[in-house]
Amino acid sequence: MNLIKHCTDQCWDILANVADPEIPVLSILDLGMVRGIELNADEEIVVRLTPTYSGCPATDLLKQQISEALHGAGFSPVNVVVDLSEAWSTDWMSDSGKTKLKAYGIAPPGGDAHSCGSHMALTDGIECPHCQSHDTQLLSEFSSTACKALYRCQSCLEPFDYFKCI
């Protein structure tokens, strides 16, 4: 294994432990926010980060957490570049991340963004992450964040967030 690949593989392993500040059960890798890691000609670790939306208020915090995690493991210098060349999509979420989301009580996005179109119509019947019933009702298109909708399960009566397909 060459040294550059070994180095970047180690960085990926380290960033798997950097939690999302809004949904701490998910890592930034679970969400697919890290789009690439490379060692440039100046031997600088460059991390390409795409936040879940371009105006994300946690972007500076994420950059700091990434730098601190890599510095703490002995990698220096580190440059975290915000990459907005492509909008973040729920398609980038890992299957493991979707499973963690459901276990945390948030219904993961259904389908993929390409099949949902540019705007998925929210309807009743999203699977409840607590009891798996489809007897659910949309209460609000927006919940604690713009990327989630608020639902209530008619079977177990629990409210829950649904992570919208975007």
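Residues numbered from 1 in each chain as written. Predicted model: local features only at pLDDT ≥ 70, side-chain atom pairs only at ≥ 80, totals over all residues. Heavy atoms only, no water.

Engineer: Any chance you could explain the overall build of the protein chain here in plain terms?
Structural biologist: Helix and strand counts for the protein chain stand at 4 helices and 7 strands. For the protein chain, the N- to C-terminal ordering of α and β elements is α-β-β-α-β-α-β-α-β-β-β. Projected onto its principal axes, the C-alpha positions of the protein chain cover 55 × 30 × 25 Å. Within the protein chain, the proportion of its 166 residues that are buried is 42%. (Helix = DSSP H or I, 4+ residues; strand = E, 2+ residues; numbered from the N terminus. Buried < 20%, exposed > 50% of the residue type's maximum accessible area, 1.4 Å probe, protein only.)

Engineer: Just to check I follow, could you spell out the pattern of salt bridges for this structure?
Structural biologist: Oppositely charged side chains are able to pair whenever their charged atoms sit close together. For the structure on display, the rule yields 3 salt bridges. Taking the shortest distance from any N to any O, the salt bridge between Arg 48 and Asp 83 comes out at 2.6 Å. Of the two residues, Arg 48 sits in strand 2 (residues 45-49) while Asp 83 sits in the loop between strand 3 (78-82) and helix 3 (95-104), which places them 35 residues apart along the sequence. For Arg 48, a relative accessible area of 33% puts it in the partly exposed group. Judged by relative accessible area, Asp 83 falls into the buried class, the value being 13%. (Salt bridge = Lys/Arg side-chain N within 4 Å of Asp/Glu carboxyl O.)

Engineer: Would you mind showing me how to read empty space enclosed by the protein here?
Structural biologist: One water molecule sets the probe size; rolling that probe over the atoms shows where empty space is left. In this structure the tally under the stated criterion is 1 cavity of 30 Å³ or more. By volume, the largest cavity amounts to about 100 Å³. By residue class, the composition of the lining of the largest cavity is 8 nonpolar, 2 polar and 3 charged. (1 Å grid on protein atoms, 1.4 Å probe; cavity = no way out; pocket = protein on both sides within 12 Å on 5 of 7 lines; lining within 4 Å. Points joined across faces, edges and corners; volume = space filled by probe spheres on them. Nonpolar A, V, L, I, M, F, W, Y, C, P; charged D, E, K, R; others polar.)

Engineer: I tried to follow helix 3 on my own but got confused; where do I start?
Structural biologist: Helical geometry: 3.6 residues make up each α-helical turn, so side chains three or four residues apart lie on a common side. Considered for burial, the residues of helix 3 that qualify are Gly 97, Lys 98 and Leu 101. One side of helix 3 holds all its buried residues, which, seen down the axis, span an arc of 100°. Of the exposed residues in helix 3, those oriented more than 90 degrees away from the buried face are Asp 95, Thr 99 and Ala 103. Of the surrounding secondary structure, the elements contacted by the buried residues of helix 3 are strand 4 (106-107) and strand 7 (159-163). Just downstream of helix 3, Gly 105 is the residue with a positive phi angle, here 100°. (Arc of directions from axis to C-beta. Contact = heavy atoms within 4.5 Å.)

Engineer: When you look at the sheet that holds strand 1 (residues 34-39) in this model, what are you seeing that I'm missing?
Structural biologist: What holds strands together in a sheet is hydrogen bonding between their backbones, with the strands either parallel or antiparallel. Overall, mixed pairing links the 3 strands, which are arranged 1-2-3 in an open sheet. Both edges of this open sheet fall to strand 1 and strand 3, since each of them pairs with a single strand only. Across the sheet, the axes of successive neighbouring strands diverge by a mean angle of 15°, strand direction being ignored. With 5 bridges joining them, strand 1 and strand 2 adopt antiparallel strand pairing. What sits directly across from Gly 36, in strand 2, is Arg 48. Relative to strand 3, helix 2 (residues 59-72) is tilted by about 155°, and along the sheet it contacts strand 2 and strand 3. (Pairing = 2+ DSSP bridges. Axes fitted to C-alpha atoms, helices over the stretch in contact; angles between N-to-C directions.)

Engineer: What is the right way to look at the nonpolar core in this model?
Structural biologist: Side chains of a nonpolar character, in soluble globular proteins, are inclined to be buried together. Among the nonpolar cores identified, the biggest contains 28 residues, and Leu 15, Ile 28, Ile 45, Val 47, Ile 66, Leu 70 and Phe 163 are the most heavily contacted of them. At the level of elements, helix 1 (3-15), strand 1, strand 2, helix 2 and strand 3 are the ones that each hand at least two residues to this core. Here this core gets 4 residues from one element, more than from any other, and that element is helix 1. (Core = buried A, V, L, I, M, F, W, Y, C linked by side-chain atoms within 4.5 Å.)

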